[in-house]
Amino acid sequence: MSSNSIDVRNVRRYPQLAVRLSLILLLVGSIAWIPVPATARPVPDSFADVIETILPAVVDIVTTQKVAGRQQGAPSFEFPPGSPFRDFFEEFNRRRREGAPRQATSLGSGFIIHSSGLVVTNNHVVEGAESIIVRMYTGVRHEAKIVGRDEKTDLALLKIEAGSSLPSVEWADSDKVRVGDWAIAIGNPMGLGGTVTVGIISARQRDINSGPYDDYFQTDASINRGNSGGPLFNVDGKVIGINTAIFSQSGGSIGIGFAVASSLARNVIEQLQKYGSTRRGWLGVQIQAVTEEIGESLGLAKAEGALVGGVLKDSPAAAAGIKTGDVILWFDGKLVTDQGRLPRMVAETDVGKNVLVKVWRDGKEVGLSVNLGELEKVDQASLQSLRGSDDDVGARESIDELGMSMAGLTKELAERFELKDDTEGVVITNVEEKSDAARKGLRPGDVIVEVNQTKVTSPQEVEAKVKEALKLGRRSVLLQVRRGDDLNFVALRIKTS
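So, how was this worked out
Residues numbered from 1 in each chain as written. Predicted model: local features only at pLDDT ≥ 70, side-chain atom pairs only at ≥ 80, totals over all residues. Heavy atoms only, no water. Core = buried A, V, L, I, M, F, W, Y, C linked by side-chain atoms within 4.5 Å. Buried < 20%, exposed > 50% of the residue type's maximum accessible area, 1.4 Å probe, protein only. Helix = DSSP H or I, 4+ residues; strand = E, 2+ residues; numbered from the N terminus. Contact = heavy atoms within 4.5 Å. Pairing = 2+ DSSP bridges. Axes fitted to C-alpha atoms, helices over the stretch in contact; angles between N-to-C directions. Phe/Tyr/Trp six-rings, centres within 6.5 Å; stacked < 30°, edge-to-face > 60°. pLDDT = per-residue confidence, 0-100.

Caption draft 1: Layout of the nonpolar core. Membership of the largest hydrophobic core comes to 28 residues, with the highest contact counts inside it found for Phe111, Ile113, Val120, Trp171, Phe233, Ile242 and Ile269. Listed by contribution, the elements that provide at least two residues to this core are helix 3 (48–54), strand 2 (102–114), strand 3 (118–122), strand 6 (155–160), strand 7 (182–187), strand 11 (239–246), strand 12 (257–261) and helix 6 (262–275). Beyond its immediate sequence surroundings of up to four residues, Trp171 is in contact with Phe111, Ile113, Val120, Lys238, Val239, Ile242, Ser262, Ala265, Arg266 and Ile269.

Caption draft 2: Looking closely at the sheet that holds strand 12. Spatially, six strands are ordered 7-8-9-12-11-10 in a closed barrel, and the strand pairing comes out antiparallel. Neighbour to neighbour, the strand axes of the sheet diverge by 45 degrees on average, direction disregarded. Relative to strand 12, strand 9 (residues 216–219) runs antiparallel, the two being bridged by four bridges. In the strand pairing of strand 12, Gln218 is matched with Phe258. Lying over the sheet, helix 6 contacts strand 11 and strand 12, oriented at roughly 50 degrees with respect to strand 12.

Caption draft 3: Spotlight on the packing of aromatic side chains. Summed over all chains, the structure comprises three aromatic pairs. Ring centres of Tyr216 and Phe258 lie 6.5 Å apart, and the angle between their planes is 80 degrees; this geometry places the pair in the edge-to-face category. Of this pair, Tyr216 sits in strand 9 while Phe258 sits in strand 12, placing them 42 residues apart in sequence. The exposure class of Phe258 is buried, given its relative accessible area of 10%.

Caption draft 4: Seen up close, the confidence of the model for the protein chain. Across the protein chain, the average pLDDT comes to 83, with 81% of residues at or above 70. The least confident element of the protein chain, judged by mean pLDDT, is helix 1 (residues 8–13) at 38; the most confident is strand 10 (residues 231–233) at 98. Predicted confidence for residues 1–34 stays below pLDDT 50, and this span has seven contacts to residues more than four positions away or in other chains. When the criterion is pLDDT under 50, residues 381–395 qualifies, and its contacts beyond four places in sequence or with other chains add up to 45 contacts.

What follows is the structure, given as structure tokens:
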């Protein structure tokens, strides 16, 4: 009998012992099954106290701009020859037909972050405006000037001269905000200034494809047209986000709103205040996500980091020795959990700073020191210029393990697939239907540049790398593929039967 079993005979002989054993077993069962309650802040009876302190710092933004376009619905005037009104109304009709510019008014929201009159709002609220009026909670109006704008994060900083100290609010650390925390939105929806709505943070780090540095909170606090640029507060009355967009099929709130996280916004606003524009760090790499298959083919224990698909000429990355095929795992002491985090991490790092970048290369971590450049000074045309190479030739061959036929580069193939003169690698000439290569979108004319981070110039070299992967027990190989000017990595499953 094991030490953990109960002798039933003893229980029968000693009924009091049976009762005690039952109580003990019930108690142990209770400990095992009753969950420990999570610590939670009490639900406030009211938000009135905190709102009373922050409401005066929230403002309405009223902009006017000229809109070209033909005016509809205006009457046409015709007068007989010699009429004194003829010339006047002919000019009137001409201007109406040609669509003379007219003024349009737009409404948005904002908030004061410094008592001197610095106002934060969205870039799309003030973009193209001829005049900007900031309307205080008290109804007092001030003309505003743009200090700086940033299209990439849709943020703008304004300045008003009030002649006195103004009420202001503080930034919160949005990195500490959790899903389920209270969220208070204040703004000017539909022109109804000073409107307060309350909800929770529904999700973090949303990417809504609005720019390269998307980092949005999703909230169910009601946000409508006119709320753009207004603040999203926590229960302490500090700004955790800037209300920017809504998801809606009707134009009204359905409980899905998005706010730029304050940790991202604060850095941008401070740069706009200091320089009048942004000064973002620049690394100079083209990256893509590390999938499970790519991670497995590279020998990574976990699919994380950013895979370098290309290195720009004369970039900080090139100078530091970062190579195509490296996986950036750490940047300036911070873990790169996924591809989408790296651009923001780089952009928020000071220009000219020396940072340690750890990459995964040839099955091990390699540390590199990078001196960051300034993104705004980079010639945008050069961002499309990745390292080029020379031509090479080889023989045609079918590689069943990958479900493709390929050949070394020849003049005939280069002309057939319209390849550039500086192209190097192995040309895919056929892709089997229902193969993994077909599912991954590979097609004839694509050029395999590398296999498992080793350059290849012939089908025989590709086949050798496939056999090498099989010997190492790997189920896939990592191809670097060129299509036009684009370089991408594709992990392909190896057929073993």
